[in-house]
Amino acid sequence: DDIINFIVSLVVQHLGSSTLLILTASHVMVLLLSSSLKLLLKPRPLLFFLPAIVGGFLTKNNYHHLLPQQTMMSRPPRRLSIDRRLAAEGEALPVPPGMDGVHVGVPFGVTALYEMEQLNASKVYVMANKSSKPMVEDFVKSLDEKGFLAAPLNCDVSMGGAEDGLLKACNEAAAVNADCVLTVGGGAVQDAGKLVRLWLSAAANQVDGEQATVKGIQAAQNRDPMPPLPPQICCPNSFAMAELTHVAGLVTKDNVKSGAAHPSMMPTVVIFDTSLSKGLPDWVKFGTALRGVEHAIGAVCHPKATEDIRNRALQGLTLVNKGLKGMVEDPDSEAAQVNCYLGGWMAIRALNTGCYPSIAHLIQNHYSARFNVHQGSCSGVLSARILNYHREKTLLKQISIANVLDLVIGDREYPLPPAPKLVSDLVATLPGVAKDHADANVDEEMLREFAEFMYNQHGEKLNRLSPKPFCSAEDFLGMLTLPIANF
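Rules and cut-offs
Residues numbered from 1 in each chain as written. Predicted model: local features only at pLDDT ≥ 70, side-chain atom pairs only at ≥ 80, totals over all residues. Heavy atoms only, no water. Phe/Tyr/Trp six-rings, centres within 6.5 Å; stacked < 30°, edge-to-face > 60°. Helix = DSSP H or I, 4+ residues; strand = E, 2+ residues; numbered from the N terminus. Buried < 20%, exposed > 50% of the residue type's maximum accessible area, 1.4 Å probe, protein only. Axes fitted to C-alpha atoms, helices over the stretch in contact; angles between N-to-C directions. Parallel < 35°, antiparallel > 145°, perpendicular 65-115°, else oblique. Contact = heavy atoms within 4.5 Å. Arc of directions from axis to C-beta. Polar contact = N/O pair within 3.5 Å; in protein donor to acceptor, adjacent residues only side chain to side chain.

**Remarks on the packing of aromatic side chains**
Think of a pair of aromatic rings as described by two things: how far the centres are apart, and how the planes are tilted against each other in angle. Going through the model one piece at a time under the given rule, you end up with nine aromatic pairs. Arranged with centres 5.0 Å apart and planes meeting at 75 degrees, the rings of Tyr367 and Phe371 form a pair that is edge-to-face. Of this pair, Tyr367 and Phe371 both sit in helix α13 (residues 359-371), separated by four residues, roughly a single helical turn. The exposure classification of Tyr367 matches that of Phe371, with both residues buried. Residues Tyr389 and Phe470 carry aromatic rings whose centres are separated by 4.3 Å and whose planes lie at 10 degrees to one another, so their mutual orientation is stacked. One end of the pair, Tyr389, is in helix α14 (residues 375-389); the other, Phe470, is in the loop between α17 (444-465) and α18 (473-481), and 81 residues separate them in sequence.

See the structure below:
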């Protein structure tokens, strides 16, 4: 209490004085995260006011990006904080419906603690993919020491959200009666967290010890009324944007893409900290950012898209394109990563406003599940081909896409290239992302079987989503196998 009182008195005493600059934001953060961390994790009247005071100090001195801008005293239902050093475009971004807040460009550790306090969480179940494990181990250890960790860190969810790892996580979380799920990693982990929450809400009414099944999880999405789900704090390490939707995918033991969806499955809070992407392999970093391009062009060309949806998608595409080019030059650039994230956010929200899924989503989800290919590489292989297939039906929309991707300033010395070629050219610059089927170890016979499967099993849905219908499996195969040089 003496430490907390000292900080409060010091800030109050000097607030508005030039001498306050001596007490930098980093000093405050070090104090809060060291010996006083134990106090931060306990409810006490003094701490009810501390975030407002410290937050006011940081904002006054342009350090507002180090702490969430809202306080426990004045917490509205929805809130947004973005590090203004990195981007100004996010000011107009709406927090997705059903979500409490989104924080971009802020430290995940202190922000996650703040949000746990807001949510009154006491049994936090933490999930991370294997590449994120080294970055969260200290934070998880701290939660354990303070008694907030419900179970050991789970790193069993694999690419695509394979059934075995997902069910194990569901059973672990239910066994300890977790009241909050914290997910760190890519889209598979974020989606798995949503499904774990769905199972937790169902398991409360199940026989003790009943084990999770895909059928049981999917049945839980159909309850009416839907009971409240435990909250989820998402800390993405890349740009898949699964954390900004209420849809969750999984891959069954038969390598079939499946999942669940319900508005209540929308995560509660998202915290995007660029430090979590350090050390990521190129196929993850650039592949997930490329998904932002896919989401944008899918929304622009979708049969149900409105003018407003197309405009928002094009704004997102502008930022993702800028961010990708910046990351090619410097993969660790904070500004480039934030551009990819904000652009991806705009694109996925445009797509989810009456246009989900796009034709590319449907095709690439099944391609990914069938051939065990990361969805970023699915976009690298298929995005330009799908765009080229319906080009004659979406020509004016594709011109708007081409104008965003070409980035020519001033008088043009050559005709505007077609959008499929610009997408293919962009993919060619991205390290770690597959450019053609051979890069994904998919041969012609596999493609033929895939074309027959898609047309026979999903032909009706394909033609609802595609601006140009597929007349046969051969038609679909022709799209899949069109040489890239033909764009």
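**Some words on the packing of α14 against helix α16 (residues 419-428)**
One can describe the packing of α14 onto α16 by two numbers: an axis separation of 8 Å at closest approach and a directional angle of 170 degrees. The angle between α14 and α16 falls in the class roughly antiparallel. Seen from α14, the contacting residues are Gly380, Ser383, Ala384, Leu387 and Asn388; seen from α16, they are Ala419, Pro420, Val423, Ser424 and Val427.

**What to know about α18**
When we look at burial in α18, the residues that qualify are Ala473, Phe476, Leu477, Met479 and Leu480. Each buried residue of α18 lies within a common arc of 155 degrees when the element is viewed along its axis, so the set occupies one face. Lining the buried residues of α18 we find α13, α14 and α17. Sitting at the head of α18, Ser472 places a side-chain oxygen 3.4 Å from the backbone nitrogen of Glu474.

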